[in-house]
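Examining the three-dimensional arrangement
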Amino acid sequence: MAVYANYAATSPALSPAVVKELCEYLGGVHLNAGRNFEGLEAEAIALRARRAIAGLFEVDDPLRVIFTSGATQSLNMVIHGLVRQGGHVLATSVEHNAAARPLENLRKNGVIELDWLQCGPDGSLDAEKVRNAIKKNTRLLVMTHASNVLGTILPVTESFRIAREHGVLTILDAAQTGGILPFTMGKCCDVLVFAGHKGLGGLAGTGGFVIGEAASGEMRPWMSGGTGSASHSLDMPDFMPDRFEPGTQNTIGILSLAASVEEILRTGVEKIRDRERGLSARFLSGLAGIKNLRPCGTLDPALSVPLVSVVVRGYDAGEVSRHLFEKYGIITRSGLHCSPLAHRSSGTFPGGTVRFSFGSGTKEKDIDATLEALAASSFHPKR
Ligand SMILES: Cc1ncc(COP(=O)(O)O)c(C=O)c1O
């Protein structure tokens with residue numbers, strides 16, 4: 001039986017309750033009478049999803065939840081919308097390319113100055129590095145909540161507190177932690193970016209961001225277009241959420257998020273976190289007894305999200321991943337995981353690692369089967 005150990009990339013299946021809702025929606029007729037008609041279906045679905053996500057991140061105003069096609073689009077929108085010519089931006093050395101590439105592109109084009117805050121080989125960061133790196137023209141701090149390569153949770157609350165004391169705007173990339181770690185956005189950060197298809201359990205092509213008051217006043221719409229509101233003007237509306245939601249929205253995707261996040265709230269994120277930590281702990285302690293494998297990251301499930309990157313000494317990561325899939329039906333993700341920066345930080349560039357990541361459908365027997373497969377594969381040191 002196949003074992004899916006690639007939750008950090010995407011959740012493999014929607015929950016039965018979500019599928020039921022989506023089927024009912026797909027079987028219906030959807031009349032579009034324009035936006036902003038009270039009670040209209042797409043608006044009502046979006047509001048339901050905004051409320052669920054506002055509940056998840058403990059935000060007061062659901063209209064501050066903006067939907068996009070995912071964390072990548074969100075990061076592009078908020079980074080481009082918040083930077084200014086000549087401004088200095090800080091980001092960590094474990095960012096995903098979804099943040100790193102737009103930042104690097106802005107640097108190459110002479111728009112921003114950019115500095116990477118160096119994390120340790122295990123992905124950890126001393127928040128005081130933020131204080132030392134802030135300059136007079138520092139405008140933005142972009143930080144992933146947890147590395148998608150090492151799993152390590154970054155000290156975001158402390159780092160953002162220091163940044164905000166210096167008037168620096170803060171963006172949190174919560175792609176790896178949404179629905180997996182409890183988090184109160186509150187005054188912690190100015191923008192929180194989420195992916196819909198990972199821990200939030202929605203369809204691929206969903207995600208968004210939650211934007212606080214200070215940032216929404218500063219952020220220029222990076223995408224513009226029709227909103228069905230203030231249509232007399234060639235400018236984007238100045239009210240939320242329309243200011244940042246041009247075009248026809250992905251209602252079926254947004255419905256998947258509404259239904260899935262409501263389910264997460266019913267279960268409780270703490271409960272989800274504790275269960276998945278238990279799976280990581282089981283995996284890590286099993287790995288310790290298998291020769292020639294080197295797990296990367298903090299190796300402490302309490303300090304990380306449920307993923308473990310492994311180096312098999314002397315073996316190509318892709319070769320190991322393929323072997324696990326072809327011989328045992330175990331699905332992992334190998335290589336650089338769209339984060340060359342994190343691999344450079346951990347010393348696993350350019351070879352990469354084999355990443356095992358667990359989620360809502362992972363059972364203890366899946367962990368045990370994976371460990372047995374690794375042990376039986378006897379990866380002997382190559383000369
Ligand atoms: C930390 C991090 N940020 C951003 C993304 C991009 O997410 P999306 O697929 O929603 O664009 C990912 C996806 O792997 C990620 O792990």
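Residues numbered from 1 in each chain as written. Predicted model: local features only at pLDDT ≥ 70, side-chain atom pairs only at ≥ 80, totals over all residues.

With respect to the site of the ligand
Residues in contact with the ligand amount to 14 residues; listed here are only the nearest, G70, A71, T72, N148 and A195. For the shell around the ligand, the per-class residue count stands at six nonpolar, seven polar and one charged. (Near = placed C-beta within 6 Å. Nonpolar A, V, L, I, M, F, W, Y, C, P; charged D, E, K, R; others polar.)

Observations concerning the sheet that holds strand β4 (residues 112-117)
The strands making up a sheet are joined through hydrogen bonds of the backbone, oriented either antiparallel or parallel. Strand order in the open sheet made by the seven strands is β2-β8-β7-β6-β5-β3-β4, with mixed pairing throughout. Where the open sheet ends on each side, the last strands, each with one partner, are β2 (65-68) and β4. Neighbour-to-neighbour, the strand axes of the sheet open up by a mean angle of 20°, direction not taken into account. Sheet topology note: the β2/strand β8 (residues 207-211) ladder contains four bridges and is antiparallel. Note on β8: the bridge partner recorded for T68 is G207. Strands β2, β5 (138-144), β6 (169-173), β7 (191-195) and β8 of the sheet are contacted by helix α3 (residues 71-82), whose axis makes an angle of about 160° with β7. (Pairing = 2+ DSSP bridges. Helix = DSSP H or I, 4+ residues; strand = E, 2+ residues; numbered from the N terminus. Axes fitted to C-alpha atoms, helices over the stretch in contact; angles between N-to-C directions. Contact = placed C-beta atoms within 7 Å.)

So, the domain arrangement of the protein
Under the domain assignment used here, the protein contains domain 1 (3-12 + 268-376) and domain 2 (16-267). Between domain 1 and domain 2, the C-alpha centre-to-centre distance is 26 Å. In this complex, domain 1 contributes 33 residues to the contact, which on the side of domain 2 involves 33 residues. Of all the elements in the fold, those that place two or more residues in the side of domain 1 that touches domain 2 are α9 (269-287), β10 (307-312), α11 (340-346) and β13 (353-357). Take the side of domain 1 that touches domain 2: its biggest share by element is six residues, from α9. Partitioned by chemical class, the residues of the side of domain 1 that touches domain 2 number twelve nonpolar, 16 polar and five charged. (Domains from an automatic or database assignment.)

Some points on the pairing of β8
Judged by how many residues are buried, β8 sits mostly within the fold: five of five residues are covered. Here β8 shows a buried face lined by G207, F209 and I211 and a second buried face lined by G208 and V210. Pairing of β7 with β8, which is carried by five bridges, proceeds in the antiparallel orientation. Paired with V193 across the strands is F209, a residue of β8. (Buried ≥ 20, exposed ≤ 12 C-beta atoms within 10 Å, placed from the backbone.)

Re the packing of helix α1 (residues 16-26) against helix α8 (residues 251-267)
In a pair of packed helices, the angle between the axes and the distance between the axes together describe the arrangement. Packing of α1 against α8 brings their axes to within 9 Å, and their N-to-C directions diverge by 150°. As far as their axial angle goes, α8 and α1 are roughly antiparallel. Crossing geometry of α1 relative to α8 is assigned as right-handed. In this structure, α1 contributes A17, V18, E21, L22 and Y25 to the contact, and α8 contributes I252, L255, S256, A259, S260 and E263. In terms of residue class, the contact of α1 with α8 is made up of seven nonpolar, two polar and two charged. (Parallel < 35°, antiparallel > 145°, perpendicular 65-115°, else oblique. Left-handed = near helix turned anticlockwise from the far one by under 90°.)

Details of the packing of α9 against helix α12 (residues 364-376)
Running from amino to carboxyl end, α9 crosses α12 at an angle of 20°, the nearest separation of the two axes being 10 Å. Taken together, the axes of α9 and α12 are roughly parallel relative to one another. Where α9 crosses over α12, the two elements pack in a sense that is right-handed. Within the contact between the two elements, α9 uses L279, R282, F283 and G286 and α12 uses E364, I367 and L371. Residues belonging to the contact of α9 with α12 are distributed by class as follows: four nonpolar, one polar and two charged.

Observations concerning the environment of F194
Within the secondary structure, F194 sits in strand β7. Taking C-alpha positions, F194 is 5.8 Å from F209, a pair spaced 15 residues apart along the chain. Discounting chain neighbours no more than four positions away, the residues touching F194 are A71, A174, A175, G178, L200, G207, G208 and F209.

Structural notes on the environment of D173
Its location among the elements puts D173 in strand β6. The exposure class of D173 is buried, given the 31 C-beta atoms found within 10 Å. The spacing of D173 and L75 is 98 residues in sequence and 7.8 Å in space, taken between C-alpha atoms.

Examining the nonpolar core
Ranked by internal contacts, the top residues of the largest apolar core, which has 103 residues, are V78, V142, V191, L192 and V193. Among all residues touching V142, those that are not within four sequence positions of it are I79, V89, A91, E95, A99, L103, I171 and D173. (Core = buried A, V, L, I, M, F, W, Y, C linked by C-beta atoms within 7 Å.)

Describing the sheet that holds β10
The four strands are arranged β9-β10-β13-β12 in an open sheet whose pairing can be described as antiparallel. Only two strands of the sheet have a single partner each, and these edge strands are β9 (293-295) and β12 (333-335). Across this sheet, the average inter-strand angle for adjacent strands is 30°, counted without regard to direction. Sheet topology places β12 next to β13; three bridges connect them, and they run antiparallel. Across the sheet, the residue bridging to G335 is T353, located in β13. Docked against the sheet, helix α10 (residues 317-328) engages β10, β12 and β13, running at close to 160° with respect to β12.

Looking at unusual backbone geometry
Backbone phi values are negative for most residues with the exception of glycine, while trans is the configuration of most peptide bonds. Across the junction of M240 and P241, the peptide omega takes the value 0°, indicating a cis bond. In this structure, P241 sits in the loop between α7 (213-218) and α8. Omega for the bond connecting F349 with P350 falls within 30 degrees of zero, at 5°, which places this linkage in the cis form. Note on placement: P350 falls in the loop between α11 and β13. The phi torsion at L299 lies on the positive side, around 65°, for a residue other than glycine. Turning to its location among the elements, L299 is positioned in the loop between β9 and β10. The partly exposed category is assigned to L299, around which 17 C-beta atoms lie within 10 Å. The phi dihedral of H337 is positive, around 55°, even though this residue is not glycine.

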